[in-house]
Amino acid sequence: MDGLTERVRAFAEERDWQPFHTPKNLAMALAGEVGELLAEFQWLTPEEASRVMADPEAGARVRAEIGDVMIYLSRLADVLGIDLVEAALTKLDEAATRYPVEQAKGSAAKR
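Here the structure is a predicted model, which means the values were calculated and not measured.

Student: Looking at this structure, I do not really get the pattern of salt bridges. What am I missing?
Tutor: Pairs may arise between side chains of opposite charge once their charged atoms sit close together. For the coordinates displayed, the defined rule picks out four salt bridges. Across the pair Asp78 and Arg9 runs a salt bridge, and its minimum N-O distance is 2.7 Å. With Asp78 in helix α4 (residues 56-80) and Arg9 in helix α1 (residues 2-14), this residue pair connects regions lying 69 residues apart in the sequence. On the basis of relative accessibility, which here comes to 30%, the residue Arg9 falls in the partly exposed class. The shortest N-O distance in the salt bridge between Arg75 and Asp78 comes to 3.4 Å.

Student: When you look at the packing of α1 against α4 in this model, what are you seeing that I'm missing?
Tutor: Relative placement of two packed helices is described by the angle separating their axes and the distance separating the axes. Their axes nearest at 9 Å, the elements α1 and α4 cross at an angle of 85 degrees. Taken as axis vectors, α1 and α4 run roughly perpendicular relative to one another. Between α1 and α4, the contacting residues are Leu4, Thr5, Val8, Arg9 and Ala12 on the first element and Met70, Ile71, Ser74, Arg75 and Asp78 on the second. Residues of the contact of α1 with α4, tallied by class, amount to five nonpolar, two polar and three charged.

Student: Just to check I follow, could you spell out the side chain of Arg75 for this structure?
Tutor: Within the secondary structure, Arg75 sits in helix α4. Ignoring any residue separated from it by four or fewer positions in sequence, one finds Arg75 in contact with Val8, Arg9, Ala12, Gln18, His21 and Leu26.

Student: Quick question: what am I supposed to make of a negative patch on the surface here?
Tutor: Among the surface-exposed residues, Asp2, Glu6, Asp83 and Glu86 lie close enough to one another that they form a single negatively charged patch. Following the sequence through the fold, Glu86 ends up in helix α5 (residues 84-98).

Student: I would appreciate a short explanation of helix α2 (residues 23-41) in the present structure.
Tutor: An α-helical turn contains 3.6 residues, so a residue and the one three or four places further along point in the same direction. Under the 1.5 Å per step criterion, the end-to-end length of α2 is 27 Å for 19 residues, consistent within 8% with the ideal 27 Å. Along α2, the residues that are buried comprise Leu26, Leu30, Glu33, Leu37 and Glu40. End-on view of α2: buried residues confined to an arc of 65 degrees, all on one side of the axis. Away from the buried face of α2 by more than 90 degrees, exposed residues Lys24, Met28, Ala31 and Leu38 are located. Buried residues along α2 sit against α4.

Student: Would you take a moment to explain a positive patch on the surface for this structure?
Tutor: A contiguous patch of positive charge on the surface is contributed by Lys91, Arg98, Lys110 and Arg111. Residue placement: Arg98 occurs in helix α5. Assessed through its relative accessible area of 43%, Arg98 is described here as partly exposed.

Criteria and cut-off values
- Residues numbered from 1 in each chain as written.
- Predicted model: local features only at pLDDT ≥ 70, side-chain atom pairs only at ≥ 80, totals over all residues.
- Heavy atoms only, no water.
- Salt bridge = Lys/Arg side-chain N within 4 Å of Asp/Glu carboxyl O.
- Helix = DSSP H or I, 4+ residues; strand = E, 2+ residues; numbered from the N terminus.
- Buried < 20%, exposed > 50% of the residue type's maximum accessible area, 1.4 Å probe, protein only.
- Axes fitted to C-alpha atoms, helices over the stretch in contact; angles between N-to-C directions.
- Parallel < 35°, antiparallel > 145°, perpendicular 65-115°, else oblique.
- Contact = heavy atoms within 4.5 Å.
- Nonpolar A, V, L, I, M, F, W, Y, C, P; charged D, E, K, R; others polar.
- Patch = residues over 30% accessible without salt bridge, like charges linked within 9 Å, V, L, I, M, F, W, Y side chains within 5 Å.
- Areas by Shrake-Rupley, 256 points an atom, 1.4 Å probe, with all protein chains shown as cover.
- Lys, Arg positive; Asp, Glu negative; His and termini not counted.
- Charge placed at Lys NZ, Arg CZ, Asp CG, Glu CD.
- Expected span 1.5 Å × (residues − 1).
- Arc of directions from axis to C-beta.

Here it is in structure tokens:
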């Protein structure tokens, strides 16, 4: 993860994009990229969606959109000083407490 963060940071710095990479702008760009990812699945059935990577063209588009999401998420976290892996692990620990296996297994219900 550190390598990706450093490469994205260098990419932005080489282009003097720091003034544009405010948390607000990066969050909005991230939302836009997530929207583009969602568009790849919008009209697919659940079965088609689960097989999307088997289609070379659709799979390439999904892979590219996930790449864009990851880049913007990495850049946003870097600008905010958030360790993405630490944040995700903390959130997962919280979810494990909120949704213990014996109560949540096989259920999509929110608590």
